[in-house]
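Tertiary structure, described
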Amino acid sequence: MERAVYFAQLLRRPLVGGDGEVVGRLADVIVRLRGRDYPLVTGLVARMAGREVFLPAEQVADLGAEKITLASPRVDLRHFERREGEVLLRADVLGHRVIDVADAELVRAYDIELRQRPDGWVLTCLDTRRPPRFWGVLAGHAARPDWRDWKSFEPLIGHARSARVRGPFARLGRLKPADLADLLEDANRTESHEILQTVHADPELEADVFEELEPDSQTRLLRERSDTEIAQVIARMRADDAADAINDLPQSRRRPVLDALPAGQRTKVLTLMGFNPSSAGGLMALDVLTMAASSTVAEALRAAGEARTLQPEALTSVYLVGEERRLLGVVTLVELLQADPAARLEDVADRDPVRAGPDTDVEDVALLMTDYNLLTVAVADDEDRVLGVITVDDVLDMVIPQEWRRREPAPHPAHRVAEPGPGDVPHDTPPGS
């Protein structure tokens, strides 16, 4: 029968040899991450004779709440040195914050459940509910622990070499860029460094995350990188977001970063930096899906399907252009899907599309999009030549008040629990009950 113990109770408990003599006290428990399986206890860190020493799991006869019994009184007293891949429960988990993957937030681990199984002791659950501060006053009214499956969390391991062994994404791969950006904004420097190390394994995801960061957080995290490293991130960002990111850098770093960008991205960024950031020109994306008015609906739909380099938000409409990219009309993808594939675009498009000038204030752009129920609006110069397109998400990002962004988030729904894998034990009730 499986048996559970709780790490907070084990700490500093006496280590008793086979002869019943106390030989030291527990300082930490070592586990090894095993991918989708629960971490396995591989040994203990014991405080003996004024030093910390390693005890392999095979030398532990029993983990008890009152004492830890060793299989032999003989102990190797060499000083403990942490090895790659090892996670220390006191140093890395207990009292530290971990990532709640389902709710995309940082929570603190107040206790850890260890459960004995045929293959050894494994880490199965975390308690993430803060215990009452004054036990005497609150006797009889203690908050029930919030025991949740270890697989719901991603640990933030301060030991860099151990953090690397868990794989490039681990559970963080399930999160959206906006969720990861929120985590980074809530994280301290050490936590954010580890999250970024994980995200860095996918350069496209890394760029998406930086696009979602608030300007202050984005600038703070970019400043810690070299000019070349900043350019590597910005090269994959949308040109309008890249221009904003460079504008927010210290003056002395802008030119070196620009020089390190690929030529195509540098040209786009420099074009956008020539406009006021709060104007339509500073807000627009330069890549627009344009077609000749004589093109057919089928051709436009095929072009939209093949436009994989354009941001999806800008692909809700196709813009009709004539000579020198003069704006002639616009048609939405929904209208195209509902039209005869053989019809010409000029016959199904709105021939008097709403447009904004490059110097139009973002507030006026927002009113235009609201009045005409638009997801995108074209930006055109005085001669009606298409310069770019503004998407509704970029407008919202500019006009939402800062105090709204700093508000307390809405309560999360009940935890989403993944289906248990083979051998998983559900924890709907406190472990051990």
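First, a word on scope: everything that follows refers to the structure included in this document. (Residues numbered from 1 in each chain as written. Predicted model: local features only at pLDDT ≥ 70, side-chain atom pairs only at ≥ 80, totals over all residues. Heavy atoms only, no water.)

With respect to the overall build of the chain
The line we're drawing: Secondary structure follows DSSP: runs of H or I at least 4 residues long count as helices, runs of E at least 2 residues long count as strands, and numbering of each begins at the N terminus. Note on contacts: a residue pair qualifies if any of its non-hydrogen atoms lie within 4.5 Å across the two residues.
Broken down by element type, the chain carries 18 helices and 20 strands. At a minimum sequence separation of 6, the contacts of the chain that also span at least 24 residues come to 58%.

Some thoughts on the packing of aromatic side chains
Stated precisely, the cut-off is as follows: Any two rings among Phe, Tyr and Trp, with Trp reduced to its six-membered ring, count as a pair given centres within 6.5 Å; such a pair is stacked if its planes are under 30 degrees apart, edge-to-face if over 60, and tilted if neither. Burial classes: relative accessible area under 20% of the type maximum marks a residue as buried, over 50% as exposed, and values in between as partly exposed (1.4 Å probe, protein chains only). As a reminder, the over-ring test applies to NZ of lysine and CZ of arginine, requiring each to be within 6 Å of the ring centre and within 35 degrees of the ring normal.
Per the counting criterion, the structure on display carries one aromatic pair. With centroids separated by 5.2 Å and ring planes inclined at 35°, the aromatic side chains of Tyr6 and Trp147 adopt a geometry described as tilted. One end of the pair, Tyr6, is in strand β1 (residues 3-6); the other, Trp147, is in strand β13 (residues 147-149), and 141 residues separate them in sequence. Residues Tyr6 and Trp147 agree in their burial class; the two are buried. In this structure, Arg83 is placed above the aromatic ring of Phe54, and the distance from its NZ or CZ to the ring centre is 5.5 Å. Here the guanidinium or amino end of Lys151 rests over the ring plane of Tyr38, the centre of that ring lying 4.3 Å away.

What about the side chain of Asp381?
Let me state the cut-off plainly: Polar contact criterion, stated in full: a pair of N or O atoms within 3.5 Å, where within protein one must be able to donate a hydrogen and the other to accept it, and residues adjacent in sequence count only if both atoms are side-chain atoms.
Residue position: Asp381 is located in the loop between β19 (376-380) and β20 (386-391). By relative accessible area, which is 19% here, Asp381 ends up buried. A polar side-chain atom of Asp381 sits 2.9 Å from the main-chain amide nitrogen of Glu383. With sequence-adjacent residues up to four places away left out, Asp381 is seen in contact with Pro358 and Leu387.

Side note on a nonpolar patch on the surface
Keep this limit in mind: Patches draw on residues past 30% relative accessible area with no salt bridge. Two like charges within 9 Å are joined, as are two nonpolar side chains (Val, Leu, Ile, Met, Phe, Trp, Tyr) within 5 Å. Throughout, the Shrake-Rupley method with a 1.4 Å probe supplies accessible areas, and for residues the shown protein chains are the sole cover considered. One speaks of a salt bridge when a side-chain nitrogen belonging to Lys or Arg is within 4 Å of a carboxyl oxygen belonging to Asp or Glu.
Where nonpolar side chains cluster on the molecular surface, the patch consists of Leu396, Met398, Val399, Ile400 and Trp404 and spans about 430 Å² of accessible area. By residue number, the principal contributor to the nonpolar patch is helix α17 (residues 392-399), which donates three residues. Mapping Leu396 onto the fold places it in helix α17. Among the residues examined, Leu396 registers a relative accessible area of 45% and is labelled partly exposed.

Describing helix α7 (residues 215-223)
Turning to α7, its buried residues number three or more, namely Ser217, Gln218, Thr219, Leu221 and Leu222. Contacts from the buried residues of α7 go to α4 (177-186), α5 (189-199), α6 (203-212), α8 (227-234), α9 (239-247) and α10 (251-260).

Comments concerning the nonpolar core
In a soluble, globular protein the nonpolar side chains are often hidden away together inside. Rules: For this analysis, a nonpolar core means a set of buried residues of the types Ala, Val, Leu, Ile, Met, Phe, Trp, Tyr and Cys, connected via side-chain atoms within 4.5 Å.
Counting residues in hydrophobic clusters, the biggest one holds 51 residues, and the most contacted among them are Ile99, Ile234 and Ile390. Of all the elements, α9 adds the most residues to this core, at five residues. Val41, Leu44, Trp121 and Leu126 belong to the second largest nonpolar core, which has 37 residues in total.

Overview of the sheet that holds β19
Stated precisely, the cut-off is as follows: Paired strands, in this sense, are two strands between which DSSP finds at least two bridges.
The strand order across the open sheet built from three strands is β18-β19-β20, with neighbouring strands paired in mixed fashion. The sheet is open, and its two borders are formed by β18 (355-356) and β20, each paired with just one other strand.

A short note on unusual backbone geometry
Phi is positive for Ala104, close to 50°, though the residue is something other than glycine. Mapped onto the elements of the fold, Ala104 is located in the loop between β9 (97-100) and β10 (105-108). The class of Ala104 is buried, set by a relative accessible area of 17%. Phi is positive for Asp384, which is not a glycine, with a value near 65°. Looking at the secondary structure, you find Asp384 in the loop between β19 and β20.

Observations concerning the sheet that holds strand β15 (residues 290-292)
Stated formally: Axis lines are fitted to C-alpha atoms, over the contacting stretch for helices. Their N-to-C directions set the angle, which ranges from 0 to 180 degrees.
A sheet is described by the order of its strands in space; here three strands give the open sequence β15-β16-β17, paired in mixed fashion. Sheet topology places β15 and β17 (327-332) at the edges, where each strand pairs with a single neighbour. This sheet shows a mean twist of 35° between the axes of neighbouring strands, independent of strand direction. The pairing of strand β16 (residues 317-321) with β17 spans five bridges and is antiparallel. If you follow Ser317 over to β17, its bridge partner there is Thr332.

A closer look at the pattern of salt bridges
Throughout the structure, instances matching the rule amount to 28 salt bridges. Among the salt bridges present, the one from Asp119 reaches Arg34, with a minimum N-O distance of 3.5 Å. Taken together, the residues Asp119 in the loop between β11 (111-117) and β12 (120-127) and Arg34 in strand β3 (residues 22-34) connect sequence positions 85 residues apart. The partner of Arg355 in a salt bridge is Asp352, and the shortest N-O contact between them spans 3.6 Å. You can call Asp352 exposed: its relative accessible area is 56%.

Some details on the pairing of β3
As a general feature of sheets, a regular strand has side chains that alternate between the two faces. The pairing of strand β2 (residues 14-16) with β3 spans three bridges and is antiparallel. From the neighbouring strand, Leu15 faces β3, where its bridge partner is Gly24. Pairing of β3 with strand β4 (residues 37-48), which is carried by eight bridges, proceeds in the antiparallel orientation. The residue of β4 that forms the bridge with Arg25 is Arg47. The pairing of β3 with strand β8 (residues 86-88) spans three bridges and is classified as antiparallel. Bridge pairing in β8 links Arg32 to Glu86.

Quick look at helix α11 (residues 263-273)
Threshold: Directions are taken from the helix axis to each C-beta atom, and the arc is the one they span.
For α11, every residue scored as buried is listed here: Gln265, Val269 and Leu272. The buried residues of α11 occupy an angular sector of 65° when projected down its axis, which confines them to one face. Looking at the buried positions of α11, the neighbouring elements they touch are α8, α9, α10 and α12 (280-283).

Observations regarding the packing of helix α16 (residues 362-371) against α17
Spelled out, the test is: Should an angle lie under 35 degrees it is considered roughly parallel, over 145 roughly antiparallel, and from 65 to 115 roughly perpendicular; all remaining angles are considered oblique. By convention the crossing between two helices is left-handed if the near helix lies anticlockwise of the far one by an angle smaller than a right angle, and right-handed if it lies clockwise. Under this grouping Gly is polar, as are all residues other than the nonpolar Ala, Val, Leu, Ile, Met, Phe, Trp, Tyr, Cys and Pro and the charged Asp, Glu, Lys and Arg.
One way to put it is that α16 packs onto α17 with a least axis distance of 10 Å and a crossing angle of 130°. On the basis of the axis angle, α16 is oblique to α17. Note that α16 runs across α17; the crossing there is left-handed. Where α16 abuts α17, its residues Val362, Val365, Ala366 and Met369 lie against Val392, Val395, Met398 and Val399. A per-class count over the contact of α16 with α17 returns eight nonpolar, no polar and no charged.

Functional significance is not addressed by these values, which are geometric in nature.
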